[in-house]
Structures are given as C-alpha cells and as structure tokens.
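# Fold and contact review
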2 protein chains.
Amino acid sequence: MRWSESFIPTLRNDPVDAVAVSHRLMLRAGMIRQVGAGSYAYLPLGTRALNNVVRIVREEMDRVGALEVLLPALWPAELLEQTGRLEAFGQDLISFLDRHGRPHVLAPTHEELATRIVRDDVRSYRQLPLILYQIQTKFRDEPRPRSGVLRTREFIMKDAYSFSADEAGLEECYGRMCGAYRRILERCGLTFLAVEAEPGAMGGEVSHEFMVPADAGEDAFVQCTAPGDVAGAGRAGCGYAANVERAAVPPPPEPAPLGYEPHLREVHTPGQTTIEHVSRFLNVRPEQMIKTIVYVADGKPVAALVRGDHDVNEAKLRRHLGAASLALAPPAAIERATGAPVGFSGPVGLKGVERIVDRAVACLQDGIAGANKADAHVTGVVPGRDFPLGRVADIRYVTSDDKCCRCGGRMRLVKGIEVGHVFKLGTRYSEALGAAFLDSDGRRKPFVMGCYGIGINRILAALAESVADANGIAWPPAVAPYEVLVMPLDMSQQAVVAGAQSAHDALQEAGLEVLLDDRDERPGVKFHDAELIGLPVRVVVGKGYLRSGNLEVQVRRSGSRTEVPAARVAEAVREALAALSVHPPVAVLPPVR
Amino acid sequence: MRWSESFIPTLRNDPVDAVAVSHRLMLRAGMIRQVGAGSYAYLPLGTRALNNVVRIVREEMDRVGALEVLLPALWPAELLEQTGRLEAFGQDLISFLDRHGRPHVLAPTHEELATRIVRDDVRSYRQLPLILYQIQTKFRDEPRPRSGVLRTREFIMKDAYSFSADEAGLEECYGRMCGAYRRILERCGLTFLAVEAEPGAMGGEVSHEFMVPADAGEDAFVQCTAPGDVAGAGRAGCGYAANVERAAVPPPPEPAPLGYEPHLREVHTPGQTTIEHVSRFLNVRPEQMIKTIVYVADGKPVAALVRGDHDVNEAKLRRHLGAASLALAPPAAIERATGAPVGFSGPVGLKGVERIVDRAVACLQDGIAGANKADAHVTGVVPGRDFPLGRVADIRYVTSDDKCCRCGGRMRLVKGIEVGHVFKLGTRYSEALGAAFLDSDGRRKPFVMGCYGIGINRILAALAESVADANGIAWPPAVAPYEVLVMPLDMSQQAVVAGAQSAHDALQEAGLEVLLDDRDERPGVKFHDAELIGLPVRVVVGKGYLRSGNLEVQVRRSGSRTEVPAARVAEAVREALAALSVHPPVAVLPPVR
C-alpha cells in the first residue's frame, strides 16, 4: 500500500482532552477519531490493527474447538427479564420501544440467548461439551466513558459460552478457554496476569480476569510478592493475585492484652461526622475507630462495621449476606434505623438492625464509635462486650498493608486494564431458562455453564499503553497495521524512488504486509511519522543506497540499524520480525483454578 | 471438523411460518434460528457461510483500493439532523435517550459520519480520490420484517463512501466499485443484473441496484427483451433494465381520431367510489377512466392524474415536483380541496389544486372522471378541453404491457432480491456538512461523493433462493460452510472409520475445508442431512471402499458420482470444486452509466 493512496492523517501536536497514552498516540497516529462521548471511528491503520486482533482471537478459539456463531444484538426485553438481569444491568442497558411499542434492548452480553439456543437444540449428554463463541459489537450506556478506546459505549467483544454435563466438564472447558486466552494475549504481545475476580452481575462463585498492568488501567489488583518457594507449595512464589474487588484479607493477628479494662463513655463531638474529623477532634488514630455504614439489603437495614482506616467492599458484603440487592441507605432510613442523624451511627445500643462485623473490628480492644445520638460518640468500646458480635466476616477492601491471604507474604497493589474475564456460571442461567439435557443416567439435568469474554478494542488499547514510548506506539508484528515501512528519503532522486519500489515489491512478494511512504516530504517528517505509527521494521532507502546499493533495516522498538544489500531485504526484514515476535516476559502467572 | 463436535441441528420437517425457500432450508439445515421478529441467530454453518461472503467482499474492496474503516453505529441524533435525514428515515430509525437524556440513534447508513471524517482530515485534491468502506452491523426498525434473513432488523452491510474532486472522479470511482460488485457477486456464485434504480432518501440523481432474479424477491424490475442489435446500438439487445420504482415509460402513441365530439355529461354514481366499481357500474373499461389522487406536497395539495388501469409512482411524482415531502392527502384535506367526499375527485372544475397529468391521461379522448360532487362522475371528458393540461409528465408505474423506453422492444417484469445499491450522491452531503477541499486551481470545492452498499446476509439469502432444490441448498464452493463432506456409511466397520479419517486428513492437508460426518447414524439419515446442508462435494466411504479401496466422489449439484482410489481423493475433490466454481451464466447485463 502506498501512503499517498491510504488515509493516514497523522497529527503534529497532542490533541487536547486526550490523557491516556493510548488515546493520545492512537489519535496522533491517525488510527482513530472521536465521534461522540465514548464513541470512536477506526481509520485504516486502526482498522487493520483491530482486524489482526480479531484474526488471532478467531484462530485461537477455533484451535480449542469453540464454534463460531453470530447472535443478534437487538433483543426483545423479555429475554433479560426471565433471569432478572433487566434490573441488574439498570442504566447501563440501552433500551427503546420499537415502532409497535414493544420494549427492546441492545444486549450487553449474551448468556440468555446462547442458553435458549442450546436449550432448544441440544438434547443429550452425547452432544456435550459445547462451546459457542461470537465476535460481535456490544453496546453499553457507560456513565463515564473515558481514556479513548479503553472504555467506550460501543465495542467489539469476543464472547463465548460453554455448556457441560457436570462440574468436571465445566472445569475442562474453563481450562481450555483460559489456555486459549493466554495464547491470544501472548500472540498479541501483551504482558498480562490472570487474577481472581468478582463475578458481579454475571453470577457464579468464581471468575478470573486477565489483566494488563498499566497506569492508565481503571482496575486494581493485589499480587503476592513472595519471592521463592513458599510454605512448601513446590513452586516459585505463592502466585496469588486478585482484583481488589475480590481479594481476600487474611485474619488479623491475635492482639496483645491491653493491661486495663476500657470504660465505655459518651463524648460530645459537635458536628464531627467523618472519621477524619472525629479522629482529629478526639486525637485518636483512624485504626481505633469503628466505621458504621448502614445499607439496605433486600429491603432490610444492615449495619456494616469496618475499621476507620478500612473501606467496605460491597461485593464481599453482598456475597456474605446472600443479598440480591444492596445499596447505601438513604439519610432518612439511617435516621430511622439509628435514631441519629447521618455521621453518628454506631454498633452500641443499635436495635433492630443486623450487624455484620469485619474481623479487624471484632478484635479491637478499645474502640471509638458513633453513639446513635446527634453530636455524640462513645469511646472505650469493646466489641463483644458492648455489642453482640453476631456475624463476623471479611467484608472490607484489601490494602497494600495486608499480607497475602494464601502465604502471608507481602502484597503489592497494581493498576491494570482488564482485557478478558472468564466466569464459572454453573446452572444459574440454565435453571432460570429451563435448559436441560438427558444425561447418561437417563435423568434430565441443567447444563453447567461457563462464559468467557475478551475485549478486542481493549486489547488494542492495552497494547498501546504497554508498548508506547515518547514518540509513538511500537506495535508488535502480530498486531501492527503493516509489518514493514519502506521509506525513500529523497523523492526527487529517480534511483531512490525506483529502489524503494523494488524493495516494496520484494517484501510484498515475500508475503509481508508493506506500507510505502511515497510522500514528497522531508526526511524529518517521514521519520517523525514513522515513529508515530510505529510499524515494527522499516527499510530506509537513502544516500547509502545511491552509493552502495544497500538498504538500511531499522527496528522501531530497539532503534537498531543494519545495512543490507537490496537483494537480501526480505530475508533481513523477516529475521528482524521474528526476533520481535518472541513472547513478552510473562508476569508471575497464578494458576487458574 | 467432526460433525459430532460441531453444532448442526438439522430439522426433519419444514418449520411452520417459513415461506421463503431460503428461510425454510436455512432453518432446516441448522444454519440459523429465529430469535424474534426480523432477528436471527447464525449457528456454526451459517456463520461460516457468512464469513466466506465477508472475506470475498473484503478482498474485492481491497483490490480496487478502497480503505477499510470501522465507524460506530451509535450516533448523537444531531449528526442526522444536519442533513434532514432524522425526518427522512422516520420510524425506520431506532432512537433512544441515553442516561443523560441526550437523543441518540443507531445509524442505518453512514454518509454523514464518513463525510465529517473526511472533512476534518482531507485538505487537498492531492489526497483524492478516497474510498472508505466498512463491514458493519446496521439496525433498522423494519415495519414488516419477513422471509427469514432476507429482510431483518439487524444485518451486516458493507457500505462504502467515495470522495472525488469532480464529476469525472466520481464516475471513475463509481465504475471501480461497480466492477468490484460484479466480481463479488460472481465469486459468490450469483446470477445477477445491474438495474437503474430510484435513489430515494439517499439523494442524488442516479443509482443502480444489483438484483438477483428470484420469486421470493420483494423488488420488481423490468428488463428489455429485445433479442438482437437494436437501433444500430452496436450490441446485442438493448440492455435496458430498471426497478419499477424508476423505470421510464415511453410516450404513448398518437391516438387515432375519434370521429365524434364527446359531450361532457354528469352521471349519477351512488356509492361508486373505486375504479373497479365505477367501470362496472357504467360499463366502461378502466383504461377510459381518469384516476385522480390528491397528495400533499410540501404542505400544498396536488392532484395526480393517471389512467384507471395505471398507478401513481410517487418517486416519479416527487422528483417531478421537486418536493421534499409527499404524502397521500387525508380524507378531510381531500374534501376541502375537491368539495366532495373521497372517491369522487376529478380534474374538471377543480380549483386551487395544481394538476400533474400523466401522458397517458393527456391523450385520452373520451374519459370518465369524478365530478367533485358526492355520488357523481362526469363522462365525455376531453383533457385540454374540459380542464387545462398544465404539467404533463411520466408519473406512473411501468407495466409489463409497456414498451422499452430506450428501444421500443418488449419488456418483461421480473421479481428480484436487491443485494447491492450504488448511488451517485454528488455534493448533497458535502455541502450540507461544509466538507470541502482545496482544488488544483486554488479554490475550495465540496467533495463529489458516491456511496455503495452491499448486504452480506442478503447475498447469503439470495444465493440460497437461487441454488436450492427440493432437498436443500446446493452451496457454491466459495460460500459453502465447508467445501467437502466425508461420509463413512457404516460406523461399526473399523476399516470404514479409519478410511474416512484418512480421507479427512488428506483433504485437510490439501488445504480444503472438510467436515467429517462421524455420527453413528443410518446412511439414509446421513444422505438426507448431506443434501440439506448442501456442501458442494462429498466423499462417500462405503462398501466399495472395503472391496476395492475406492472412495466415491459425489457432486451435490449435479448428483454425479465418480469412484477414485483413496490416494487420489484430494486431487479428485479439487477438480470437482474447480468445475463447480465456473462463474454462473450472467443475465443480460446493461452497462452501468
């Protein structure tokens, strides 16, 4: 392809409003353009890169025996109603009435439809396992689309659904799909990590996310840093990693005896409604305080107690309560439940409200809490003595001070981009939709399901975040819009133009994807743009060529340069690409279970 | 791929409600399943066929230098407002308010966005011509989705937009794209025809549709049947073909003199409000009657006059009037305009309403028309004498009785499926959106545009309609889900199973797409399903194989069978596929101008 015949509108300057590196550089490289909030157009270079990711995903799905289908995005709303997800997705869902007034949605994910199709056409265990996948556009009305193509309202997802006869079958499918995901991300040139995750609205007990560590990421996970063989586990490092939404906190150590008996005492704290204010006012550390957050779980008030320096993890709380719905109580409900204005809730003397106590609160020995009375707190609180402990559980977010829940090693907090998410759904959807098969024992059983999502645009953005430098995005060969750029430096020299054309033709004949920068621009402009669009290898046709007939093969990422005779150009470029295609160093990968 | 590991739920019986051949057989072959009204899921075989069409379309677009992009489906509604198309698309448009209450639409076609992108990033004539294309899902709220995947509310379209400096540049792009469309349809194995068409809401003066003749088609076109060199045009046949929405009617012949002077006379026609009723009541032929249809064009009433046996072509009428909006007048407006109830309108004595007179009405010599008075008609009407002729034009639909407007030859009326539509848009969108470039003469000029659409699912459905027989769809090799089916007939014979596996491996190694029917089913079931899914070639491993080591190569379309030694199977299948891939007989193709 000739540059002059393509459409590569590179930008000289950084666009305003583009903060994330991937966003800024993909705009500048002429790969994307913004259309609206969370809405982007892919120009030719961006589309080529996207298509490369699609191809890799399709090949790896086919390799593990998943079957490609294409399901519609437009659904009658009742399909989501049967599983209660019309409500669960809430405002994220794009919905409308059709011309006949019937409610419709744009499906944000396809569990219900995949289940219905399998229900209607699969009868016997002999037809299992079955994995269906599609590569299709999803729509979500994101509240805050951001960071260019990292989070948009419209995106391409590869989603897959597995149907097995039993748990063991699900494990096998899950393992097969996780293997495919690793190969996909490796082939795309990403450094990534599989972490335990919170299944959320999707349902099921266990899920794993594939995370690309990146400062621009919206997710955070903890990773055990234990260096060697831990607790005889027989492998290097403990390997634990989990999204902060999910990460378990180890039980706190037994506290040392106090040596005195604290006295429960009410103190006057006028207008002091936050942990920060109260701790300053009373000159105590937040760690001594008991934070009392009132929720409404399935219609009933519940008080969640965590230490002043901790935060309630609502996913853990919801799971612990087994609640279908959970939300912060509105001020009126708090006042009704505690008898005090917001800011003075506490566990002591609280009546008719169930308490869920975090383990770090349960072992406090001399705590401070709200007094359930305006402008008052109580000090000297001893949990168990001054209020019944009731349900004690892990209901808080992990912090970087916490130890690894598996090996007790130190943990680090890492920001990351979620590029994939896999779920063990079990029978939630098959039971709700009456999808069952006849098993070998002659009994009808619901399908045991898994689901598996990978974001095509996300992979591209995560890659851009990972491989960008100050001058542009150094695309890995498998995803790069073209593999090689041929650069004639002086278009006024007939021999240079002809040499570039020959190099282009030789490379194309060798089966490589070639872009020829045939623009009549100064070498400075050409090199600037070449860095920006970041094709992995370039072939420079410059003065050296006129002198010696040699071409210069440059590698974008390393900056290395090698002179080769024109006749050897395809070979040299192929070698350079092969050297670049070695898989990236893989972060400590915890086994997926 | 093994049949047992794929998902091919064939149906023994015809599904109810499936009328079109393509719909019925694609359901039965397990290629598609219905999800809702006008909404289908593609199962593995259907998806593979669809992907084949996508690949062919992409290759041919790339071949003519079109550049692939990917534009979002989700638009802020204001993008369509600027060109007035928010109203033009009307209820076909899917629209909704996002969570912030801002109006959005799902774009049914992408002229506005493509134009905006080119406007923002193309400055000079040196960057022209430019053709952008995408393969993307479109959404339209069809009033009556029907015929399976022929007309659905969600479909994959390849849409393309060309930007040129002038009319000559547009012609060049238009020719290039029409060439690509022909190659696409030929490679897909379709018999097709390019016909003149009505641009409609898309705008522009000229458009062409690519039609596949089929009884299930929703479109109709006329085609000149003139057999030989006509009027010295220097080519076989006249070649004229046009959608009935567009087809021009030649001027009527001069009528023979009557020999008497008709008398205008009012007759009593109580309750006779239709052409059929009146002609029976008065014992006259519909050809003698003047049908008067009152429209509202851009807010003003207009009377369209056609002969009783003809129908008003609203596209022609709108074009002739140059009206932005045109609709049948509601009964109250008709009564106001004519002074009579509906059914008694006529041109005589009609005041304050412009008359547009079809040429076949203008030459009537003794007509009958409504009297603009309840329960009354007038006979002996002479146009020009009894009412002023005013604007005479071609405003009616062509009929199969009409002669070719180009050569006067006989025409035939054909039903067809529109698989592609190409438009010369001119500067409608570039002017509305202020999209201009600097030309070589230093002046800013609006881009001269064309747009080009081809329906991916439509191609599949049209193909199914064209190549189906009583037993299934005989897919051509380029689109077939797999190229060859290997059929071991007796799975209890170890040697048969092994022979089938070897044949499968040999075919796969030869680069062919192979499906292996490894099901433990009776030969009757296997042959029945093989006919249904219609893979072009099959290799039968039966008794002959046990006797002689020979395999039987069968061709689905012709039913031909050849015995070949196992070692020659790949070669034989390749030959059979090559013989099937000869392009279909092309219908008389009028040159696209």
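Residues numbered from 1 in each chain as written. Chains lettered and ligands numbered in written order. Predicted model: local features only at pLDDT ≥ 70, side-chain atom pairs only at ≥ 80, totals over all residues.

With that out of the way, let us pick up the pairing of strand β30 (residues 550-555) of chain A. Residue and element names in this part refer to chain A. By the bridge criterion, four bridges tie strand β29 (residues 537-541) to β30 in an arrangement that is antiparallel. For R538, the partnering residue across the bridge sits in β30 and is Q554. Inspection of the sheet shows β30 paired to strand β31 (residues 561-565) by five bridges, in the antiparallel sense. Residue pairing for β31: V553 is matched across the bridge by T562. Where β30 folds back on β31, the antiparallel hairpin that results is connected by five residues, among which G559 adopts a positive phi of roughly 80°. (Pairing = 2+ DSSP bridges. Helix = DSSP H or I, 4+ residues; strand = E, 2+ residues; numbered from the N terminus.)

When glycine is set aside, most residues are seen to have a negative phi, and most peptide bonds are trans. Residues and elements named next belong to chain A. P129 follows L128 through a cis peptide bond whose omega is -5°. Within the element layout of this structure, P129 appears in the loop between α5 (111-121) and β7 (130-139). Despite not being glycine, N372 shows a phi value in the positive range, around 55°. Mapped onto the fold, N372 is located in the loop between β18 (367-370) and β19 (376-381).

On the chain A side, the residues contacting the 43 residues of chain B number 43 residues. Elements with a contribution of two residues or more to the side of chain B that touches chain A: β1 (32-36), β2 (39-42), α2 (44-63), β3 (67-68), β4 (74-76), β5 (94-97), α5 (111-121) and β7 (130-139) of chain B. The class makeup of the residues in the side of chain B that touches chain A is 26 nonpolar, eight polar and nine charged. (Contact = placed C-beta atoms within 7 Å. Nonpolar A, V, L, I, M, F, W, Y, C, P; charged D, E, K, R; others polar.)

In this section: the domain arrangement of chain A. Residue and element names in this part refer to chain A. Each assigned domain of chain A is listed here: domain 1 (3-247 + 412-465), domain 2 (265-393) and domain 3 (482-580). Each of domain 1 and domain 3 was reduced to a C-alpha centroid, and the two centroids are 38 Å apart. Each side of the interface is counted separately: domain 1 has seven residues, and domain 3 has nine residues. By residue class, the composition of the side of domain 1 that touches domain 3 is four nonpolar, two polar and one charged. (Domains from an automatic or database assignment.)

All names here are of chain A. Judged by pairing direction, the sheet is mixed, and its five strands sit side by side in the order β16-β14-β15-β17-β20 without closing on themselves. Looking at the sheet topology across the chains shown, the edges are occupied by β16 (326-328) and β20 (391-393). For this sheet, the mean inter-axis angle between neighbouring strands, taken without regard to orientation, is 35°. As judged from the eight bridges shared by strand β14 (residues 290-297) and strand β15 (residues 300-307), these two strands associate in the antiparallel manner. Considered in β15, the bridge of A297 is made with K300. Strand contacts of helix α8 (residues 314-321): β14, β15, β16, β17 (354-358) and β20, with the helix running at about 130° to β16, the strand carrying the most contacts. (Axes fitted to C-alpha atoms, helices over the stretch in contact; angles between N-to-C directions.)

This part is about the packing of α2 of chain B against helix α6 (residues 167-187) of chain B. Residue and element names in this part refer to chain B. Close contact between α2 and α6 brings their axes to 9 Å; oriented N to C, the two are set at 150°. On the basis of the axis angle, α2 is roughly antiparallel to α6. Relative to α6, α2 is oriented so that their crossing is right-handed. Across the interface between the two elements, I56, V57, E60, M61 and R63 from α2 touch A180, R183, I184 and R187 from α6. Class assignment of the residues belonging to the contact of α2 with α6 gives a composition of five nonpolar, no polar and four charged. (Parallel < 35°, antiparallel > 145°, perpendicular 65-115°, else oblique. Left-handed = near helix turned anticlockwise from the far one by under 90°.)

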